[in-house]
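# Secondary and tertiary structure notes
Each chain, written out:
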Amino acid sequence: MHTSVFTDPAMLSLLARLAEPACASGAVGRDRADEWLAEQRRRAETGHFLVAIPFFVAAAST
């Protein structure tokens, strides 16, 4: 496993794209998602933004 850590505000667009399916499925309400995204934007503006994404890689042979 490798975890990539990002602090660049350009990653805000990724968070918005991840929030959309959560809203569409009903897992998260639109108001809650909008509040969360607004908080992430505030964090980006103040230099407190961080996104960590774990990547799992597996390999096998026969």
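Heads up: the structure comes first, above all this text.
Described in the following lines is the structure provided in the data block. Computed from a prediction, not measured in an experiment: that's the story for all the values here.

## Thoughts on the nonpolar core
Met-11, Leu-12, Leu-14, Leu-15, Ala-19, Cys-23, Ala-33, Leu-37, Ala-44, Phe-49 and Val-51 together form the largest nonpolar core, which totals 11 residues. Residue assignment for this core shows that the elements contributing at least two residues are helix H1 (12–25) and helix H2 (30–45). A total of five residues in this core trace back to one element, the largest contributor, which is H1. When residues no more than four places from it in sequence are discounted, the contact partners of Cys-23 are Val-28, Gly-29, Arg-30 and Ala-33.

## Describing H2
End to end, H2 covers 22 Å across 16 residues, agreeing with the expected 22 Å (1.5 Å per residue, within 8%). Turning to H2, the residues buried within the fold contact H1. After H2 finishes, the residue Gly-47 shows a positive phi value of roughly 75°.

## Looking at H1
A rise of 1.5 Å per residue sets the reference length of H1, with its 14 residues, at 20 Å; its end C-alpha atoms lie 21 Å apart and thus fit the reference within 8%. Every buried residue belonging to H1 is among Leu-12, Leu-14, Leu-15, Ala-19 and Cys-23, and all of these are buried. Looking at the buried residues of H1, the elements they touch are H2 and strand E2 (51–55). Positive backbone phi, at 85°, marks Gly-26, one or two positions downstream of H1.

## Some details on the pattern of salt bridges
With the rule as written, the count across this model stands at four salt bridges. In this structure, the salt-bridge partner of Asp-34 is Arg-30, at a minimum N-O distance of 3.6 Å. A residue pair is termed a helical-turn pair when its members lie 3 or 4 positions apart in one helix, as Asp-34 and Arg-30 do in helix H2 at four residues. For Asp-34, a relative accessible area of 37% translates into the label partly exposed. Between Arg-42 and Glu-39 there is a salt bridge, and its shortest N-O distance comes to 2.9 Å. Taken together, the residues Arg-42 and Glu-39, both in helix H2 and three residues apart, mark about one turn of the helix. We classify Arg-42 as partly exposed; its relative accessible area is 44%. Linked by salt bridges that have partners in common, Glu-20, Arg-30 and Asp-34 make up one network.

What counts, and at which threshold
- Residues numbered from 1 in each chain as written.
- Predicted model: local features only at pLDDT ≥ 70, side-chain atom pairs only at ≥ 80, totals over all residues.
- Heavy atoms only, no water.
- Core = buried A, V, L, I, M, F, W, Y, C linked by side-chain atoms within 4.5 Å.
- Buried < 20%, exposed > 50% of the residue type's maximum accessible area, 1.4 Å probe, protein only.
- Helix = DSSP H or I, 4+ residues; strand = E, 2+ residues; numbered from the N terminus.
- Contact = heavy atoms within 4.5 Å.
- Expected span 1.5 Å × (residues − 1).
- Salt bridge = Lys/Arg side-chain N within 4 Å of Asp/Glu carboxyl O.

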